[in-house]
Structure formats: structure tokens, C-alpha cells
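# Examination of the molecular architecture
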Amino acid sequence: MKNSQKSVSRYGDLFIRLLKRLIPAAACFLAGFYLLHTAFFIFAFPLFLAGAIILAAPLATLLAEPTGNLFWPSAYYDRPQPQYSIPQSKRARGLYEEAMAGFEEIAEEYPQETQPYVEMIDLAIVDFHDPERAKAVFHRGISILEKDEDRETLARMYGAIKTRLDSRPGNGLM
């Protein structure tokens, strides 16, 4: 979030610099066109060059920065990202409790991540057929997640995953 605010501020600063330089550059270009029109060619081209030099730095920065971010990103993570592949591979091999423990570790290490709660709910419903365990994971996730959009995502995923159970009345969901 902070990186996106910094980049918006940075581009705003670049546009302000460009606007400040636009007036003297426009004056150079207009004077150059006037001299070109009045047949003083030798004096017109240095004015065009001066106008181009005045605009060159902010225009180059404005155009080069997005392209440069493709190759050298300005955003970085301050720690390694969660490794979901390990518990997912354990789940694929039928080691459900070990997979659940792996997702629990990720949820403890990265409490604001939504995916480990979704994975644990899916495990509880699809593999364990335990709606109470899924419900407990859901409520724990809802209480830990800080962002409203993350809580909404978790609630939506919980609702979608619990439809995989039999639609018997009284199965104890929510």
C-alpha cells in the first residue's frame, strides 16, 4: 500500500516538474517557429534545441520509470512469501493432518493472509467431512483478519466450499 502511494506521489511530482518546464519550453518553441517563419533559420534551431533540453529530463523520467519497473521493480518484500506448495503436496498425497498443520503454521506466521484459512476450510470440509472444524477455522480467520475485503473474501469462500457438503438440514454450518 505504501509503495503505491509513493508512486502516485512520485508521478504527481514529475507532472508538476513537467508543467513548470512547459512554459519556458513553449516560449522557446514559439520563438523558434517565429524565427523560422521570418527566415532567420540559424537562430531558430538553437531555440528548438533549448526547448527540447528543458523538457527532456522530466519527460524521460516519466516515460522510462514504468518501463524500468518491468526489469527492476521498486517494490520488494521484507520477508519470504508463504510456501503453500508444501502443505498442498502433503494434501495431494493424502497426508491431511500434516497438510492442516502446514497451513496452520502459515496462518500463524502470516496472520493477515486469507489463503491458509481458505485451504484449511477446504481440507476440513472436503477431506475430513468435518463442518464444525471448518466453522471454527472460519470464525478464527474472521476474527484475525483486519481488512474488510479479506473477511468478505473468506466468508464468500467459506460459503462456496461448504456447499460441497451434503445439503442435509441441520449440518451445523454457520
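Please refer to the structure placed before this passage.
Okay, so let's go over this structure. (Residues numbered from 1 in each chain as written. Predicted model: local features only at pLDDT ≥ 70, side-chain atom pairs only at ≥ 80, totals over all residues. Heavy atoms only, no water.)

## Here we look at the side chain of Asp122
For Asp122, the position within the fold is in helix 5 (residues 115–127). Here Asp122 is in contact with Arg91, Asp127, Ile161 and Arg164, once residues within four sequence places are set aside. (Helix = DSSP H or I, 4+ residues; strand = E, 2+ residues; numbered from the N terminus. Contact = heavy atoms within 4.5 Å.)

## Section: unusual backbone geometry
Non-glycine residue Ala39 carries a positive phi angle of around 75°. Mapping Ala39 onto the fold places it in the loop between helix 1 (2–37) and helix 2 (41–71). Judged by its relative accessible area of 51%, Ala39 is exposed. Residue His129 is not a glycine yet carries a positive backbone phi of 55°. Note that His129 resides in the loop between helix 5 and helix 6 (131–144). (Buried < 20%, exposed > 50% of the residue type's maximum accessible area, 1.4 Å probe, protein only.)

## Quick notes on the packing of aromatic side chains
Counted under the stated rule, the structure contains six aromatic pairs. Residues Tyr96 and Phe128 carry aromatic rings whose centres are separated by 6.1 Å and whose planes lie at 80° to one another, so their mutual orientation is edge-to-face. Placement of the pair is Tyr96 in helix 4 (residues 96–109) and Phe128 in the loop between helix 5 and helix 6, with a sequence separation of 32 residues. Residues Phe138 and Tyr158 carry aromatic rings whose centres are separated by 4.3 Å and whose planes lie at 10° to one another, so their mutual orientation is stacked. Within this pair, whereas Phe138 is found in helix 6, its partner Tyr158 is found in helix 7 (residues 148–162), the two being separated by 20 residues in sequence. By relative accessible area, Tyr158 is classed as buried at 0%. (Phe/Tyr/Trp six-rings, centres within 6.5 Å; stacked < 30°, edge-to-face > 60°.)

## Focus on the environment of Thr61
Tracing the sequence through the fold places Thr61 in helix 2. Sequence separation of Thr61 and Leu14 is 47 residues, and the distance between their C-alpha atoms is 7.7 Å. Leave out the neighbours within four places in its chain, and Thr61 touches Arg10 and Leu14. One polar contact links the side chain of Thr61 to the main-chain carbonyl oxygen of Ala57, over a distance of 2.9 Å. (Polar contact = N/O pair within 3.5 Å; in protein donor to acceptor, adjacent residues only side chain to side chain.)

Functional significance is not addressed by these values, which are geometric in nature.
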